Amino acid sequence: QVQLVESGGGLVQAGGSLRLSCAASGLTFTNSAMGWFRQAPGKEREFVAGIRRSGTTYYRDSVKGRFTISRDGAKNTVYLQMNSLKPEDTAVYYCNAVKPYNEYSPLFASWGQGTQVTVSS
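Report follows, based on the coordinates. (Residues numbered from 1 in each chain as written. Predicted model: local features only at pLDDT ≥ 70, side-chain atom pairs only at ≥ 80, totals over all residues. Heavy atoms only, no water.)

1. Some points on the state of the cysteines
Point 1. Counted under the stated rule, the structure contains one disulfide.
Point 2. Between Cys22 and Cys95 runs a disulfide, and the two sulfur atoms are separated by 1.9 Å. Linking Cys22 and Cys95, the disulfide has an S-S dihedral of approximately 60° and is accordingly described as right-handed. Of the two residues, Cys22 sits in strand β3 (residues 18-25) while Cys95 sits in strand β9 (residues 91-99), which places them 73 residues apart along the sequence.
Point 3. Exposure remark for Cys22: the relative accessible area of 0% places this residue in the buried category. (Disulfide = S-S within 2.5 Å. Helix = DSSP H or I, 4+ residues; strand = E, 2+ residues; numbered from the N terminus. Buried < 20%, exposed > 50% of the residue type's maximum accessible area, 1.4 Å probe, protein only.)

Written out as C-alpha cells, the structure is:
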C-alpha cells in the first residue's frame with residue numbers, strides 16, 4: 001500500500017547541483033525514518049543519506065558536506081539537495097524507509113522507479 005515516487009534527476013556537469021524529491025502515500029514521514037539510496041550500473045544499491053524520526057540527519061562519508069536530506073511533513077515529501085556533484089555520483093537514486101535498528105538498510109523490499117542522476121566531467 002506504500003507508494004514512493006522519486007523525481008528531480010537529470011544531466012548536469014561536474015560541480016553542478018540537483019534537488020531530488022520523494023513523494024509518499026500510505027506512509028507518514030513523521031512516524032518513519034527515511035533514506036536515500038543509489039545504484040550505479042553493475043553495482044548494488046548503497047545508502048546515501050538518512051533522516052531520523054527526530055529530524056537529525058546522517059550521510060555516507062563520500063557525500064558529507066555536499067548533500068543535504070530534509071523533509072516536509074505537510075507535503076509528506078523527502079528531499080535530497082545535491083551540490084558540488086561529481087561523476088562518481090552518477091546513479092539511479094531511490095528513496096525508502098530505513099530499518100529502526102539498522103538505519104543504513106532499507107525497510108521495504110520493493111523499490112520505486114527511482115530518478116536518474118548523470119554527472120558529466
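Once you've had a look at it, read on.
2. What to know about the pattern of salt bridges
Point 1. Scanning the model with the defined rule gives six salt bridges in all.
Point 2. In this structure, Arg38 and Asp89 form a salt bridge, with 3.0 Å as the shortest nitrogen-oxygen distance. With a gap of 51 residues between them, Arg38 in strand β4 (residues 34-39) and Asp89 in the loop between β8 (77-82) and β9 connect regions that are remote in the sequence. Like Arg38, the residue Asp89 is buried in the burial classification.
Point 3. One salt bridge in this structure joins Arg52 and Glu103, with 2.9 Å as the shortest N-O distance. Taken together, the positions of Arg52 in the loop between β5 (46-51) and β6 (57-59) and Glu103 in strand β10 (residues 102-106) put the pair 51 residues apart, joining distant regions of the chain. (Salt bridge = Lys/Arg side-chain N within 4 Å of Asp/Glu carboxyl O.)

3. A word on unusual backbone geometry
Glycine aside, a negative phi is what most residues show, and trans is what most peptide bonds show.
Point 1. In the Ramachandran plot, Asn76 falls in the positive-phi region, its phi being about 50° despite a non-glycine side chain.
Point 2. Tracing the backbone through its elements, the reader meets Asn76 in the loop between β7 (67-72) and β8.
Point 3. A relative accessible area of 17% places Asn76 in the buried class.
Point 4. Its identity as a non-glycine residue notwithstanding, Ser84 has a phi of 50°, on the positive side.
Point 5. Within the secondary structure, Ser84 sits in the loop between β8 and β9.

4. What about the sheet that holds β7?
Point 1. Reading across from one edge, β1-β3-β8-β7 is the order of the four strands in this open sheet, with antiparallel pairing throughout. Single-partner strands in this sheet number two, and they are β1 (3-7) and β7. Between one strand and the next, the sheet's axes are offset by a mean angle of 15°, whatever the strand orientation.
Point 2. Sheet analysis places β1 next to β3, joined by five bridges and oriented antiparallel. Bridging from a neighbouring strand, Glu6 pairs with Cys22 of β3. (Pairing = 2+ DSSP bridges. Axes fitted to C-alpha atoms, helices over the stretch in contact; angles between N-to-C directions.)

5. A few points about the environment of Ser105
Point 1. Within the secondary structure layout, Ser105 lies in strand β10.
Point 2. Spatially, the C-alpha atom of Ser105 lies 7.1 Å from that of Phe47, the residues being 58 residues apart in sequence.
Point 3. The contact partners of Ser105, leaving out residues within four places of it in the chain, are Phe37, Ala97, Val98 and Lys99. (Contact = heavy atoms within 4.5 Å.)

6. What to know about the nonpolar core
Point 1. Counting 26 residues, the largest nonpolar core has Trp36, Val48, Phe67, Ile69, Leu80, Met82 and Tyr93 as the members making the most contacts within it.
Point 2. Elements supplying a minimum of two residues to this core: β3, β4, β5, β7, β8, β9 and β11 (115-120).
Point 3. Every residue in contact with Phe67, bar those within four places of it in the chain, is listed here: Arg38, Val48, Tyr59, Leu80, Gln81, Met82, Asn83, Leu85, Asp89 and Tyr93. (Core = buried A, V, L, I, M, F, W, Y, C linked by side-chain atoms within 4.5 Å.)

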